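An overview of the molecular structure
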Amino acid sequence: MGLLFVNMPKNRACNGLVSLFPYDRNAMAILPILTAPDKRLKQKSLPVEKVDDTIRTLMDDMLETMYAANGIGLAAPQVGVLKQVIVVDIGDEQAKQMHTPLRLANPKIVRMEGMLPWREGCLSVPDQVAEVVRSAVIEIRALDQYNQPLHLEATELLAVCLQHEIDHLHGTLFIDHLSALKRSIILQKLKKKAAEEKEK
Ligand code: NI
């Protein structure tokens, strides 16, 4: 417990990056990440009809964006695209066995078990962390980047990360799991920071 899932070591983003991508890296783009309280982060994303080249490009751009920001997961609404697409790369053994990085469309949790408190952060809630209680074991159905059905079970950080990203697709941020008081304190901090950055 108590592991953060933001602020990964800076050099992590570079490790083996080229080999992770079966597509043309030069064609990829780093997208701007929306931050709370942007209203788009509170909207529900629509299911993807088919994982085609457009969706695959989105997945690759999201991964590029996530690595550049030292994140371990990113959901399409965070880059302003209201589609049910997430990418995850927690870079550990459990994840490697599952052919990470994971590029998932229409992910659905079909089973959840137990409870697992975890200190979470989010690229859309910069520099803020708080403990959220998640399910300890989850089972997911989704489409992979080749439009094939995918079924996986996850525990620990991978389970936490997947629940966090799937939440984004329903317009839910990790701070929405906190008390109203804690949430408003975090949002005030973000607003203050945004105002300070504007003045610069
Ligand atoms: Ni997030």
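Notes on the structure follow. (Residues numbered from 1 in each chain as written. Predicted model: local features only at pLDDT ≥ 70, side-chain atom pairs only at ≥ 80, totals over all residues.)

For the protein, the helix and strand inventory stands at five helices and seven strands. Mapped in sequence order, the helices and strands of the protein form the string α-α-β-β-α-β-β-β-β-β-α-α. Classification of the 200 residues of the protein by burial places 34% in the buried group. Once local pairs closer than 6 in sequence are excluded, the contacts in the protein between residues at least 24 apart make up 69%. (Helix = DSSP H or I, 4+ residues; strand = E, 2+ residues; numbered from the N terminus. Buried ≥ 20, exposed ≤ 12 C-beta atoms within 10 Å, placed from the backbone. Contact = placed C-beta atoms within 7 Å.)

Successive side chains on a regular strand alternate, one facing one side of the sheet and the next facing the other. As defined by bridge partners, strand 6 (residues 137-143) adjoins strand 7 (residues 149-155) across seven bridges and the pair is classed as antiparallel. Its bridge partner lying in strand 7, Leu-143 is registered against Pro-149. Taken together, strand 6 and the strand that follows it, strand 7, pair antiparallel across an intervening segment of five residues, in which Asn-147 is found at a positive phi of about 65 degrees. (Pairing = 2+ DSSP bridges.)

So, on to helix 5 (residues 180-199). Over its 20 residues, helix 5 extends 29 Å from the first C-alpha to the last, a length consistent with the 28 Å expected when each residue adds 1.5 Å. Summarising burial for helix 5: one of the 20 residues are buried, a small minority. (Expected span 1.5 Å × (residues − 1).)

Turning our eyes to something else, we now look at the pairing of strand 3 (residues 102-113). Relative to strand 3, strand 2 (residues 85-88) runs antiparallel, the two sharing four bridges. Bridging across to strand 3, Val-85 finds its partner in Ala-105. Summarising the sheet, strand 3 and strand 6 pair through six bridges and their orientation is antiparallel. When the bridges of strand 6 are listed, Glu-113 appears paired with Val-137.

What follows deals with the sheet that holds strand 1 (residues 73-75). The sheet built from five strands is open, its strands ordered 1-2-3-6-7 with antiparallel pairing. Looking at which strands have only one partner, the edges of the open sheet turn out to be strand 1 and strand 7. Along the sheet, successive strands turn relative to each other by an average axial angle of 40 degrees, direction set aside. Most of the contacts of helix 2 (residues 53-68) go to strand 2, to which it runs at about 40 degrees, and overall it touches strand 1, strand 2 and strand 3. (Axes fitted to C-alpha atoms, helices over the stretch in contact; angles between N-to-C directions.)

A separate point is the nonpolar core. Met-62, Ile-86, Val-87 and Leu-162 are the most contacted members of the largest nonpolar core, which totals 46 residues. For this core, the elements supplying multiple residues, two or more each, are helix 2, strand 1, strand 2, strand 3, strand 4 (116-122), strand 6 and helix 4 (156-169). Per element, the largest residue contribution to this core is eight residues, and it comes from helix 4. Residues within four places of Val-87 in sequence aside, it is in contact with Met-59, Met-62, Leu-63, Met-66, Gly-73, Leu-74, Pro-101, Leu-102 and Arg-103. (Core = buried A, V, L, I, M, F, W, Y, C linked by C-beta atoms within 7 Å.)

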